[in-house]
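# Breakdown of the fold
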Amino acid sequence: MSKFRNTVWWFGFIVLAIGLQALAPGLDVLAAGLIILLQERDYKNMLWLLPLFVLLQEGMGTRVFGAAIVWYAAVIALFKLGRWLFEVENFIFVFLLSACLGAACYAVAWLMAPLQNLTFNVQDTLDKSLIQALFLPFAWRFLVLTRQWTNNEEN
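Only a predicted model underlies this, so the values are computations on that prediction, with no experimental measurement involved.

A separate point is the overall build of the protein. A tally of helices and strands in the protein yields 6 helices and 0 strands. For the protein, the sequential pattern of α-helices and β-strands runs α-α-α-α-α-α. The globule rule puts the C-alpha radius of gyration for 155 residues at 15 Å, and the 15 Å found for the protein is close to it. Here the C-alpha coordinates of the protein stretch approximately 50 × 35 × 25 Å along the principal axes. A burial count over the protein gives 43% of its 155 residues as buried. Contacts in the protein between residues far apart in sequence, at least 24 positions, make up 70% of those at least 6 positions apart. As displayed, the protein has an accessible area near 8800 Å², and 71% of this comes from carbon and sulfur atoms. Both charge centroids of the protein, one from 10 positive and one from 10 negative side chains, sit 5 Å from each other.

Here it is in structure tokens:
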């Protein structure tokens, strides 16, 4: 029953994430799900969810082509680096991680724009990075609370 609840939760999360990303262009809601996967050390589910997240991001066009892979690599690297210093369930860790991910969001956009002959709009990219950084701690907290529904049977 736990696998069924877990699958239903991830399906609901993906549907909600796609809806939120349609309302707020440039926001990556799926990154919050990746943080949850890393926090729970759920590498089995990450094996199929991470490629799905990349395909969804590339298909929705919220990032320039190819940037989703670099972005998710940055999310994983910063999470692993921060986990050495802080407890992953701590809100301060997620707050600092989201600040670093806001900077990484800006850096990825800055890196990918000239590679694809796109103009780099500093103010627009800064705004999107700030929104991403402010969104992640609240999304993380909400997702942690809703994940308790799937983990009730295990505890």
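Running from N to C, helix H2 (residues 30-40) and helix H3 (residues 43-60) point in directions that differ by 170°, and their axes come no closer than 10 Å. Taken as axis vectors, H2 and H3 run roughly antiparallel relative to one another. Where H2 approaches H3, its residues Leu 30, Gly 33, Leu 34, Leu 37 and Leu 38 are matched on the opposing element by Tyr 43, Asn 45, Met 46, Leu 49, Leu 50, Phe 53, Leu 56, Gln 57 and Met 60.

The contact between helix H4 (residues 67-83) and helix H5 (residues 91-115) brings their axes to 10 Å, and the two run at 150°. As the angle between them shows, H4 and H5 are arranged roughly antiparallel. In this structure, the crossing between H4 and H5 has a hand that is right-handed. Contacts between H4 and H5 involve Ala 67, Val 70, Trp 71, Ala 74, Val 75, Leu 78, Phe 79, Gly 82 and Arg 83 on the former and, on the latter, Phe 93, Leu 97, Cys 100, Leu 101, Ala 104, Cys 105, Val 108 and Met 112. Across the contact of H4 with H5, the residue classes break down as 15 nonpolar, 1 polar and 1 charged.

One can find Val 8 in helix H1 (residues 2-23). Residues Val 8 and Met 112, 104 residues apart in the sequence, show an inter-C-alpha distance of 35 Å.

One turn of the α-helix equals 3.6 residues, which is why residues spaced by three or four share an orientation. The terminal C-alpha atoms of H1 lie 31 Å apart, and with 22 residues this matches the ideal 32 Å at 1.5 Å per residue to within 8%. Turning to H1, its buried residues are Ser 2, Arg 5, Asn 6, Trp 9, Trp 10, Phe 13, Ile 14, Ala 17 and Gln 21.

With 25 residues, H5 should reach 36 Å at 1.5 Å per residue; the first-to-last C-alpha distance of 36 Å fits that figure. Listing the buried residues of H5 in full gives Phe 93, Val 94, Leu 97, Ser 98, Leu 101, Gly 102, Ala 104, Cys 105, Val 108, Met 112 and Ala 113. Two residues or fewer past H5, Asn 117 is found with a positive phi of approximately 55°.

This part covers the packing of aromatic side chains. For the coordinates displayed, the defined rule picks out 10 aromatic pairs. Here Trp 9 and Phe 13 contribute two aromatic rings whose centre-to-centre distance is 5.7 Å and whose plane-to-plane angle is 0°, an arrangement assigned as stacked. With Trp 9 and Phe 13 both in helix H1 and 4 residues apart, the pair spans about one turn of that helix. Taking the relative accessible area as the measure of exposure, Trp 9 reaches 10% and is therefore buried. Both rings, one in Trp 10 and one in Phe 13, keep their centres 5.5 Å apart while their planes meet at 90°; by these two values the pair is edge-to-face. One end of the pair, Trp 10, and the other, Phe 13, are both in helix H1, 3 residues apart, so they sit about a helical turn from each other. Since its relative accessible area comes to 4%, Phe 13 is described here as buried.

Rules used throughout
- Residues numbered from 1 in each chain as written.
- Predicted model: local features only at pLDDT ≥ 70, side-chain atom pairs only at ≥ 80, totals over all residues.
- Heavy atoms only, no water.
- Helix = DSSP H or I, 4+ residues; strand = E, 2+ residues; numbered from the N terminus.
- Rg over C-alpha atoms; globule rule 2.2 N^0.38 Å.
- Buried < 20%, exposed > 50% of the residue type's maximum accessible area, 1.4 Å probe, protein only.
- Contact = heavy atoms within 4.5 Å.
- Areas by Shrake-Rupley, 256 points an atom, 1.4 Å probe, with all protein chains shown as cover.
- Lys, Arg positive; Asp, Glu negative; His and termini not counted.
- Charge placed at Lys NZ, Arg CZ, Asp CG, Glu CD.
- Axes fitted to C-alpha atoms, helices over the stretch in contact; angles between N-to-C directions.
- Parallel < 35°, antiparallel > 145°, perpendicular 65-115°, else oblique.
- Left-handed = near helix turned anticlockwise from the far one by under 90°.
- Nonpolar A, V, L, I, M, F, W, Y, C, P; charged D, E, K, R; others polar.
- Expected span 1.5 Å × (residues − 1).
- Phe/Tyr/Trp six-rings, centres within 6.5 Å; stacked < 30°, edge-to-face > 60°.

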